[in-house]
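Now for the letters of each chain:
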Amino acid sequence: MNNDFSPYEPELGGFEDVPEADDEPVTKTGTTTVGIATADGVVIATDKRASLGGRFVSNKNVQKVEQIHPTAALTLVGSVGGAQSFIRSLRVESNLYESRRDEPMSIHALATLAGNFARGGPFIAINPILGGVDEEGSHVYSIDPAGGVMEDDYTVTGSGMQLAHGALEGEYSEDLSIEEARTLAARAVHAATERDTGSGNGIYFAVVTDEGVEIEDYDDVTELL
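Residues numbered from 1 in each chain as written. Predicted model: local features only at pLDDT ≥ 70, side-chain atom pairs only at ≥ 80, totals over all residues. Heavy atoms only, no water.

Enquirer: Give me helix α3 (residues 161-169): which residues, what numbers.
Expert: Restricting attention to buried positions, one finds in α3 the residues A164, A167 and L168. Projected down its long axis, α3 carries its buried residues within an arc of 100°, all on one side. Residues of α3 that are exposed and point over 90 degrees away from its buried face: Q162, G166 and E169. Where the residues of α3 are buried, they touch β4 (32-37), β13 (154-158) and α4 (178-195). (Buried < 20%, exposed > 50% of the residue type's maximum accessible area, 1.4 Å probe, protein only. Helix = DSSP H or I, 4+ residues; strand = E, 2+ residues; numbered from the N terminus. Arc of directions from axis to C-beta. Contact = heavy atoms within 4.5 Å.)

Enquirer: Explain the UniProt feature "active site" (unreviewed entry) in the chain to me, and be specific about the residues and the numbers.
Expert: Mapped onto this numbering, the UniProt entry gives "active site" (unreviewed entry) at T31. Its place among the elements puts T31 in the loop between β3 (25-27) and β4. What makes T31 buried here is its relative accessible area of 0%. A distance of 2.5 Å separates the side chain of T31 from the side chain of K64, its partner in a polar contact. (UniProt positions renumbered as here; feature names shortened; annotations may be inferred. Polar contact = N/O pair within 3.5 Å; in protein donor to acceptor, adjacent residues only side chain to side chain.)

Structure (structure tokens):
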């Protein structure tokens, strides 16, 4: 009996190729997270569903975005333990930096640190979004499982990314306001939850500005559209 894989491993997102009897890979996925940068700040949106092996909904109210810095937030994408450990590690390093230097870490430095942790740490199949604001403006980064760090005006991760990207591509513009970005992010997450079984059960928002991070949740995404 092969004990290397349990179909009931908790996950929020990410991917893993698992061989079956015919040696064909099976992609294990779940979640949709969206990050949009605007002139006034960053909007991050995520669904609220956690699954067991992508087959069973284990929790319908998971907060998949958390503050890790005075003006930055990170999404949880990957195995639950790996994603939570990753957030705790970044939060601790950010707090230490600020305590030692009496100023917060820049968002670029925080993104670089996140990439280094992902590449060299024991974090399983994570693919989070980092969004933050500093003296240089608003920033959105995707952190891939191998530690790659890429900045963009907007980005999407998780199993619903293709559906969410489709919703974003036609409507994004550089002059979006925070409220317009919230509505667009909600549409992107909603589009993913309509077809992706790993995403659903509402939405969490993090709005990041130079004044801090505000996080709120909604059970019904349609009220935001």
